[in-house]
Each structure stands twice: as C-alpha cells, then as structure tokens.
Amino acid sequence: MAKQQYTKDDIRKIVKEENVNFLRLMFTDLFGTIKNVEVPVSQLDKLLDNKLMFDGSSIDGFVRIEESDMYLYPDLSTWLIMPWNTEHGKIARIICEVYTTDRKPFEGDPRNNLIRVLSDMRDAGYTAFNIGTEPEFFLFKMNEKGEPTTELNDKGSYFDLAPMDMGENCRRDIALELERLGFNVEASHHEVAPGQHEIDFKYADALAAADHIQTFKLVVKTIARKYNLWATFMPKPLNGVNGSGMHVNMSLFHDQGNAFYDASEKDELQLSTDAYHFLGGLMKHARSYTAVTNPTVNSYKRLVPGYEAPVYVAWSGSNRSPMIRIPSARGLSTRLELRSVDASANPYLAFATVLEAGLDGIKNNIEPPKPVDRNIYVMDEDERRAAGIVDLPSTLHNALKEFQTDPTMKKALGPHIYQSFLEAKRLEWASYRQQVSEWEREQYMELY
C-alpha cells in the first residue's frame, strides 16, 4: 500500500470527481480503539486548514474536561475513499493527528508518540523502521440480535480448503477489499484453530504499518458482518485451541540499505553488529514491553505452553519455539521476527516500545545471549536456567510490574501516555481480580 503524497488541491479535486459527501476523520485512543469524527464534505476546507476541533475529554487516555478542546490535523497521505457506498454518496477516510489549542502535537496521541520516536531514530542515523505483521483473527457466528456467539463458522485447520474452511468466501472478500484499498496482500489462509484465519500484507514503514493495521481491522470486521459473522482479534477467545497472535517482522534501514544485513562471511547468520545490538535491546526489555505488546488480561491466556505461542525470552536463527527468530531471507529482507505480540495491542504504542528497546540496545552495545536451537518446550526448568532463558510475564499484573521499573518504557511512551496506560491497566487488572469465574465455581463450590 504505497503512500500517496496528496496536496490540498488534489484532495479537493478528488472529492469533486468522486462525489465524496462525507469525511471520516480517524484517530486512535490509548487502547488502540479506532475513533472517528464524521463530517459532511462542506467542512473540507476547515479540515485542510487544520481548523476542525473536537472534544478530547471523552477519549480514553486523552485529557480532563477542563482542557478538552483539541484540533484534528489530517495526514493527507492517508486519504482513502472507502468502498462502501451509501445512498448519500461516497465516504472518504483520512487519519489525523491530535493537536492542542496552542497548536502543539498532543503528547497523549499514540500516533504523535510514534512520530516522535521515529524522529529520535532518524537523529540516531537511521532512515526507516520497516514493519511487516501477521495478524490472526477468529470468525464466530452471530445470533439473531447481531451479537457474537461462541459458535465457530467452520471446523478447518492450517491451510485447509473448503468444505472444511467455511470462512473461505469471507476471507477472500476481505482480501479483495484490501486489494481495492491499495493493500498488497501476500497471503491469506486458514490458521491452526477452527474458525481462525490469517491475512498477511506487505511491510511498510512503522507509521504506515500501524495505520494499515487499523484500516485492516476495520475492513475485516465490516466484511465479516456481511456474512453474519463476528470477527475478533481477541488473543484467546476459546479454551483448548491456539490463540491469535500478530507476529511483527522488523528491520532498520540507513542510507546504505538494510542496517541488519552484513554481506560479509564474518557472521554465520550474516547479521550486522546493529542487528545483534538491536536484538540485545529487544531481549533485555522483553518483560517490560510485553505489557504494551500484550496489553489485556486475556493476552496471557495465549502465552502458555502447548499452543505454539512463545512463553520464554529467547532467540534463534531457525527454531520457532523462542520469542524472537531470524527468518532465512537476507539482503534487503533481513529482519527480526517478534512472535509474542498479539493484535489487541495498540500498534502505534507497540511499535514505539520495540523500536525504543532496540535503539537502546544499539546505543549501549547490548549483546544478546546465545541463540537457543533446541525446542524450549521440552527443556526442564534447570536446563532453561542454565541456558539463561527466562519466562515472559504470566499475567498482565506481572507485566505491569516489569513495565513500571523500566525507564526505557517511559522514554518510549512519553510521560503522558506512560502514566495513563499504567493507571488504566492497573484498573483493568483490579477489575479482573474481583470477578469470580465459572471455572472457580466448578472447582471449589462442591469441594468446600
């Protein structure tokens, strides 16, 4: 999905030629939820002149009511005419950045925060942080009220074809819709669990990649509803089957090309010093940024042994059981794959934290531990300890304890988002702790 560099006049011309009647102004709250302000096209000039205001006090993690007025600044490169025509004309989507009344980027806007971290990256001598994601989701049937059930739409498994994969038509329509929107869809297939699917699209720079994920989620959910299906990116919606992750492939670039690639034969994996130090940073801060890359109570139901999700902080050149692996492609495609992330993460915050962790590794010459080329799941605790392998946090509560002691996380998110995120997630954990589950009643009610 190549970025288009539109001018204001380009936008005005397209609106007229394409009969665009409504503008959907999108931004993202603290939790990664897509928010939008929809205005008639009569407000176009006001938008293009950065004069459109909204109330920020009602958005999670933004501001108090006494400082609620905020501006939406459109990123013209994100202009997109949505393929869902209405009887009142076409709708165009544009992603915005949030500014304060004194015309400064609002520090609580996750997109602004990623822009800030990317600016720090460029100051460090790099030109781009490229991201390719592999988001997974489940399709459930809806009831007559349009609410999700726990009834799956198929009994398919990894790479299955119809008739086992009943979601094939829905998944195909999602892929076609994404193509119409300019996505370069690279793969679309059934995943391991029944009702579980994956669609992969081409990498992009980190800011565009985060924008793409938000657009992708919107398209997936919209098309699924047309099939009377509910699409969810919840990490672990069902017991006893694989959860849904979002593997993140990442690489740094500089003026000479891929900063992770070393063409010489000095290193067996042909990884550069920058790649190893970036990897060292990812390993060092893994238990901290997990609070951001796996930000829900439910995230940790996925990060358990037996369901292919990583549980241990380790890396390998080929082994798929560690948290980080090095895919075999080299040259411009040299990259690190972080396998722990799930799609409940706010992509702007997730990319900011892993980039800051990696840059800290480069700045401080952090060497990664030795690779683990054994299946970690069959190693006992003593073997893992001897190999220097530690566990990922087992709960959101444990992840938050690591997060709040790591100054690199505060740097990655900035003081506003850092504090808002910490407070919100503590409340989420406190609410969860107070709930009594059906499992507990089944286990203890008769016994005690």
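Residues numbered from 1 in each chain as written. Predicted model: local features only at pLDDT ≥ 70, side-chain atom pairs only at ≥ 80, totals over all residues. Heavy atoms only, no water.

If you look the chain up in an unreviewed UniProt entry, it shows as Glutamine synthetase from Lactiplantibacillus nangangensis. On record in UniProt, under Subcellular location (unreviewed entry), the comment for the chain is "Cytoplasm". (UniProt positions renumbered as here; feature names shortened; annotations may be inferred.)

Asker: What should I look at first to understand the packing of helix H3 (residues 110-123) against helix H9 (residues 347-363) in this one?
Answerer: Between two packed helices, both the angle of their axes relative to each other and the distance between the axes serve to describe the pair. It is at 9 Å that the axes of H3 and H9 come closest, and there the two elements cross at 20 degrees. Taken together, the axes of H3 and H9 lie roughly parallel to each other. Here H3 runs over H9; the crossing is left-handed. Of the residues in H9, those touching H3 at Pro110, Arg111, Asn113, Leu114, Val117, Leu118 and Met121 are Tyr348, Leu349, Phe351, Ala352, Leu355, Glu356 and Leu359. Looking at the contact of H3 with H9 residue by residue, the classes come out as eleven nonpolar, one polar and two charged. (Axes fitted to C-alpha atoms, helices over the stretch in contact; angles between N-to-C directions. Helix = DSSP H or I, 4+ residues; strand = E, 2+ residues; numbered from the N terminus. Parallel < 35°, antiparallel > 145°, perpendicular 65-115°, else oblique. Left-handed = near helix turned anticlockwise from the far one by under 90°. Contact = heavy atoms within 4.5 Å. Nonpolar A, V, L, I, M, F, W, Y, C, P; charged D, E, K, R; others polar.)

Asker: What is the right way to read the side chain of Thr232 from this model?
Answerer: In this structure, Thr232 sits in strand S12 (residues 229-232). Non-local contacts of Thr232, meaning those with residues more than four positions away in its chain, are made with Phe137, Phe138, Phe140 and Lys221.

Asker: Explain helix H4 (residues 168-180) to me, please; I cannot follow it from the model alone.
Answerer: Every α-helical turn comprises 3.6 residues, leaving residues that sit three or four positions apart pointing alike. Along its 13 residues, H4 runs 18 Å from first to last C-alpha, staying within 8% of the 18 Å computed at 1.5 Å per residue. For H4, the complete set of buried residues consists of Glu168, Cys170, Arg171, Ile174, Ala175, Glu177 and Leu178. In the core, the buried residues of H4 are packed alongside strand S7 (128-142), strand S9 (185-190), strand S10 (196-201), helix H5 (206-226) and S12. Backbone geometry just downstream of H4 places Gly182 in the positive-phi region, at approximately 100 degrees. (Expected span 1.5 Å × (residues − 1). Buried < 20%, exposed > 50% of the residue type's maximum accessible area, 1.4 Å probe, protein only.)

Asker: Before we go on, may I ask you to explain the pairing of S7 in this structure?
Answerer: Taken residue by residue, a regular strand's side chains alternate between the two faces of the sheet. The buried fraction of S7 is high, at 13 of 15 residues. Here eight bridges tie S7 to strand S13 (residues 246-254), and the two strands are oriented antiparallel to one another. Each bridged residue has a counterpart across the sheet, and for Glu134 the counterpart in S13 is His247. Pairing geometry for S7 and strand S11 (residues 204-205), over two bridges, is antiparallel. Looking at S11, one finds that Asn130 is bridged to Asp205. Sheet topology places S7 next to S10; three bridges connect them, and they run antiparallel. (Pairing = 2+ DSSP bridges.)

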